[in-house]
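Fold and geometry: a report
The primary structure of each chain is shown beneath.
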Amino acid sequence: MSNALSPAQRLTQLINTINEYNYQYYVLDNPTVPDAEYDRLMRELLDIEQTYPDLRSSDSPSQKVGGTALSAFEQVEHEVPMLSLDNAFDEQDMVAFEKRIKDRLKNTDKIGFSCEPKLDGLAVSILYENGKLVRAATRGDGRVGENITTNVRTIANVPLSLRGDSYPSRLEVRGEVIMTRAGFVTLNEAQINKGKKPFVNPRNAAAGSLRQLDPRITAGRPLLFYCYSLGLVENEQQPLDTTHSSRLKQLSEWGLPLSKELETATGAQECLEYFHKIGELRSQLSYDIDGVVFKVDDIEMQQALGFVARAPRWAIAHKFPAQEEISSLLDVEFQVGRTGAITPVARLVPTFVGGVTVSNATLHNQDEINRLGIMIGDTVIIRRAGDVIPQIVAIVTEKRPADAREITFPTACPMCDSAIEKLEGEAVARCTGGLYCKAQRKEAMKHFASRKALDVDGLGDKLIEQLVDGDMVKSPADFFSLDIAPLSSMERMGEKSAVNLVNALEHSKKTTLAKFLYALGIREVGEATAQNLALHFLTLEAIEQADIESLQTVPDVGVIVAQHVFNFFREAHNLEVIKALRDAGVHWPTIEKIALDQLPLAGQVYVLTGTLNVMDRNQAKAKLQALGAKVSGSVSAKTDCLVAGEKAGSKLTKAQDLGVKVINEDGMLAMFADLEG
Ligand SMILES: NC(=O)c1ccc[n+]([C@@H]2O[C@H](COP(=O)([O-])OP(=O)(O)OC[C@H]3O[C@@H](n4cnc5c(N)ncnc54)[C@H](O)[C@@H]3O)[C@@H](O)[C@H]2O)c1
Ligand SMILES: [Zn+2]
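What you see is a predicted model; the values in this text were computed from it and never measured.

**Thoughts on the UniProt feature "active site" (unreviewed entry) in the chain**
- UniProt annotation of "active site" (unreviewed entry) refers to Lys118 when read in the numbering used here.
- Setting aside residues no more than four positions away along its own chain, Lys118 makes contact with Leu85, Ile289, Asp290, Gly291, Val292, Val293, Ala317 and Lys319.

**Side note on the sheet that holds strand β8 (residues 223-234)**
- Judged by pairing direction, the sheet is antiparallel, and its 4 strands sit side by side in the order β5-β4-β7-β8 without closing on themselves. The open sheet has two edge strands, β5 (132-138) and β8, and neither has a second partner. The mean inter-strand angle of the sheet, taken between neighbouring strand axes irrespective of direction, is 25°.
- Strands in contact with helix α8 (residues 244-253) are β7 (170-179) and β8; relative to β8, the strand with the most contacts, it is inclined by about 115°.

**Digging into the site of ligand 1**
- Inspection of the region around ligand 1 gives 26 residues, with Tyr26, Val33, Asp39, Ser84 and Glu176 positioned closest.
- Measuring from an oxygen atom of ligand 1, one finds a side-chain N or O atom of Tyr25 at 3.4 Å.
- The side chain of Arg310 places a nitrogen or oxygen atom 3.5 Å from an oxygen atom of ligand 1.
- Its free accessible area being 820 Å², ligand 1 has 94% of it covered by the protein chains.
- Here the residues of the shell around ligand 1 are counted per class, giving 14 nonpolar, 3 polar and 9 charged.

**Topic: helix α9 (residues 267-281)**
- The terminal C-alpha atoms of α9 lie 22 Å apart, and with 15 residues this matches the ideal 21 Å at 1.5 Å per residue to within 8%.
- Buried residues of α9: Gly267, Ala268, Cys271, Leu272, Tyr274, Phe275 and Ile278, and no others.
- Summarising the contacts, the buried residues of α9 are in contact with α3 (91-105), β3 (112-119), β9 (263-266), β10 (289-296) and β11 (315-319).

**Digging into the sheet that holds β11**
- Spatially, β2-β11-β10-β3-β9 is the arrangement adopted by the 5 strands of the open sheet, whose pairing is mixed. Of all strands in the sheet, those with a lone pairing partner are β2 (86-88) and β9, marking the two edges. Averaged over all adjacent pairs, the angle separating strand axes in this sheet is 35°, with direction ignored.
- Relative to β9, β3 is paired through 4 bridges, and the arrangement is antiparallel. Across the sheet, residue Ser114 finds its bridge partner in β9, namely Thr264.

**Focus: the nonpolar core**
- Judged by nonpolar contacts, the single largest core of 52 residues is most densely connected at Leu459, Phe479 and Leu533.
- Looking at this core, the elements that each hand over two or more residues are α12 (438-449), α13 (461-469), α15 (495-508), α16 (513-519), α17 (527-537), α18 (540-545), α20 (559-568) and α21 (572-583).
- Mapping this core onto the domain boundaries places at least three of its residues in each of domain 4 (437-509) and domain 5 (513-584).
- Setting aside residues up to four positions removed in sequence, Phe479 forms contacts with Met445, Phe448, Leu459, Ile464, Leu467, Val473 and Leu505.

**Thoughts on the packing of α17 against helix α22 (residues 617-626)**
- Here α17 crosses α22 at 15°, and the two axes come no closer than 8 Å. Classed by the angle they form, the pair α17 and α22 counts as roughly parallel. Here α17 runs over α22; the crossing is right-handed. Residues Glu527, Ala528, Gln531, Asn532 and Leu535 of α17 form the contact with α22, whose own contacting residues are Asn618, Gln619, Ala622, Gln625 and Ala626.
- Taken together, the residues that form the contact of α17 with α22 break down as 4 nonpolar, 5 polar and 1 charged.

**A closer look at the packing of aromatic side chains**
- According to the stated counting rule, one finds 11 aromatic pairs in the structure shown.
- Look at Phe307 and Trp314: their rings are 6.4 Å apart centre to centre, the planes differ by 75°, and that puts the pair in the edge-to-face class.
- When the ring of Phe448 is compared with that of Phe480, the centres are 6.5 Å apart and the planes differ by 80°; the resulting orientation is edge-to-face. Taken together, the residues Phe448 in helix α12 and Phe480 in the loop between α13 and α14 (484-488) connect sequence positions 32 residues apart.
- Aromatic ring contacts, followed pair by pair, group Phe448, Phe479 and Phe480 into a single cluster.

**Points about the coordination of the zinc ion (ligand 2)**
- On the protein side, the zinc ion (ligand 2) has Cys413 (SG), Cys416 (SG), Cys431 (SG) and Cys437 (SG) as donor atoms, found 2.2 to 2.4 Å from it.
- Considering all 4 donor atoms around the zinc ion (ligand 2), angles at the metal cover 97 to 118° and the coordination shape is tetrahedral.
- Considered as a linear motif, the donors of the zinc ion (ligand 2) on their single chain read C-x2-C-x14-C-x5-C. Linking Cys416 in the loop between β16 (391-395) and β17 (420-422) with Cys437 in the loop between β18 (429-431) and α12, this pair joins segments that are 21 residues apart in sequence.

**As for the environment of Asp457**
- For Asp457, the position within the fold is in the loop between α12 and α13.
- Taking the C-alpha atoms as reference points, Asp457 and Arg617, separated by 160 residues in sequence, lie 23 Å from one another.

Quick notes on the rules
Counting restarts for each chain, with residues numbered from 1 along the sequence as it is written. As they are written, the chains are lettered A onward and the ligands numbered 1 onward, keeping that order. Thresholds applied to this predicted model are a pLDDT of at least 70 for local features of residues and 80 or more for the giving and counting of side-chain atom pairs; totals over whole chains, interfaces and linings are not thresholded and use all residues. Side-chain metrics rest on all non-hydrogen atoms present in the structure, leaving aside hydrogens and water. UniProt positions are given in the numbering used here, feature names are shortened, and annotations may be inferred rather than shown by experiment. For this analysis, residues touch if any pair of their heavy atoms sits within 4.5 Å. We treat two strands as partners when DSSP finds at least two bridges between them. Counting from the N terminus, the helices are DSSP H or I runs at least four residues long and the strands are E runs at least two residues long. Every angle, taken between N-to-C directions, lies between 0 and 180 degrees, and every axis is a line fitted to C-alpha atoms, over only the stretch in contact when it is a helix. Consider each residue's heavy atoms; a residue with any of them within 4 Å of a molecule or strand counts as near. Whenever a nitrogen or oxygen atom comes within 3.5 Å of another N or O atom, the pair is scored as a polar contact, on the condition that within protein one atom can donate a hydrogen and the other can accept it, and that pairs from neighbouring residues in sequence are kept only if both atoms are in side chains. Surface exposure here means Shrake-Rupley accessible area, sampled with a 1.4 Å probe, where a residue is shielded only by the protein chains that are shown. Three classes are used, and their members are as follows: Ala, Val, Leu, Ile, Met, Phe, Trp, Tyr, Cys and Pro are nonpolar, Asp, Glu, Lys and Arg are charged, and the others, Gly among them, are polar. One less than the number of residues in a helix, times 1.5 Å, gives the span that helix is expected to have. Burial classification: accessible surface area is computed with a 1.4 Å probe over protein chains only, and a residue below 20% of its type maximum counts as buried, one above 50% as exposed, and the rest as partly exposed. As used here, the term nonpolar core means buried Ala, Val, Leu, Ile, Met, Phe, Trp, Tyr and Cys residues forming a set that is joined through side-chain atoms within 4.5 Å. The start and end points of each domain follow an automatic or database-based domain assignment. By definition in this entry, angles of less than 35 degrees are roughly parallel, angles greater than 145 are roughly antiparallel, angles of 65 to 115 are roughly perpendicular, and the rest are oblique. We call a crossing left-handed when the near helix sits turned anticlockwise from the far one by less than a right angle, and right-handed when that turn is clockwise. The pairing test for Phe, Tyr and Trp rings, Trp by its six-membered ring, is centres within 6.5 Å, and the orientation test on the planes gives stacked under 30 degrees, edge-to-face over 60, and tilted for anything in between. Coordinating N, O and S atoms are those within 2.8 Å of the metal (3.2 Å for Na, K and Ca), and as water is not part of the atoms, a site may appear to have fewer donors than expected. Labels for metal geometry use angle windows, namely 85 to 135 degrees for all angles of a four-donor tetrahedral site, and for square planar (four donors) or octahedral (six donors) sites opposite donors over 155 degrees apart plus all others within 65 to 115; sites meeting none of these are irregular.

Spelled out as structure tokens, the structure:
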């Protein structure tokens, strides 16, 4: 499309689009496209302006900071302008940045940098006079911002007066107001309950919350403030430190909050190490960051370098790969899960986001479809952060094509045609077909054979699908009567794999009560719950006969799970399956009645954190509980031991602070081997 336009025409088009996006983002706090899309347009604009310098005008968005202040607020003129930052999108950009600085300063030594996380919120200036907070303002267009003093005063970690008495009589600090991810989730739940529109992301929630005409609304929002620089400074009582990083430390002594991830580095290489380190930490931080910022640490050097139109020459923002991208919805498919839950799954134009190519995203349920107001053909904003499964966060309404189609939720199961029911108060719709439904049967069989259940080697998903489709297995007990001959004739099987599979099935008959219970696929009975049921009741018969009340005395079992267990054993066909399995030879050793206080870890409190590689979290938890330990979710003085996996974060720090014993995954595995040995 753009090929047909002259550079001047394309430039005009870009300027109009970017100005519109700026208005939506900065003035309305309601962006309609992801930052990645905006950044692409901005880079295209910069490219054209660089190639055709004559086309550059002083009112191009490339020369400007932010958006215009809203007239509903009183205006504040910034005595020292609040600028933006230049961006680095890759390592070369960073190396080039250091080189530019060295060239300008005619300096051959490596440059010292202050390294800071780039908090994704909005910039705020706070002025203290004689140690008292007297004024706070947004950045606005960099020269004129909005007076938001009463709102900023409601932010929990903003001091209303400074500590000590060594501060300058006029001190302007600058920093970012953000909303934590947890606060964002809670706020959005509340918005949805009140029938209001949820916010797209924590950044916009923070901006929307801060720029409220009624400070009581701001006060109810989970906002935080972190400093990253000084603005105006007058009448200092003692000369300020000569580096940016030590000035920040000074701010913290006066009671101003700093983010924990601040560091210093020498040379571009160390900066890149910091970039990677923070990148790894990113998904574990309690707030969103969209990159890191490097600033020349030496203030004299900063002054020598100075500014260009919209950004200082001495700082750069090194951005992380985008977690939000634009894609479009090709179609919606309805999948049937093991318990009959019908999940709408979005088929997307494959899009690179958060480090992987995403082509599907869950739409959860009808409520979510309604909330998004999404139609097939829509342009959508997708988000993939850390290991979280991809989500559709919003649609770009203006880009809806004329032939967009409504998404119709089926009333009958797409697999077995049974009626779909949705219970009062439940968001999920379910197929009522039970094991008559092949989709549910396939999932139930896959679950039965899975690693944490009966762990049948060689019985993969594809094979199970074929077996169910061919009506060769109708219940899990049928696996055990499969013959070698028909198995060998299946797709991608042969005599040898058929023999191996039959042997593996034979082998899997020897199991444990806990694994057997888990394999049955009782709703909401995961591995740890199965383990606890087995330990508490010791025999399958006892569990079958238990009433809802006694089921609830098991750790982890609440009334809902107790009901699921109770109902499961009241269904004749479930009892038939169990009988058939035992008749086929599935068995487990008797669990000895051990007094709980004699278990090796009795009375000890364990906490798990970080990523485990060999065991998953639930396995480890169940194992610890089986050995008598209590597994708690948070570290306190009562914790006996913290198991810290990779990338452990705040829990590890807390345990170290409290002097709690810490072991890693290897240590835990060694302990298990020891106790069982
Ligand atoms: N989606 C949209 O429609 C849309 C529209 C406009 C802008 N944007 C986004 O905003 C960006 C431009 O916004 P910008 O001018 O605020 O620039 P920026 O966000 O790229 O960088 C400057 C800002 O970073 C923040 N910051 C965070 N940590 C900092 C630290 N340690 N030190 C200094 N500053 C720190 C400050 O608020 C500062 O004003 C674009 O790149 C785009 O990603 C998106
Ligand atoms: Zn069905």
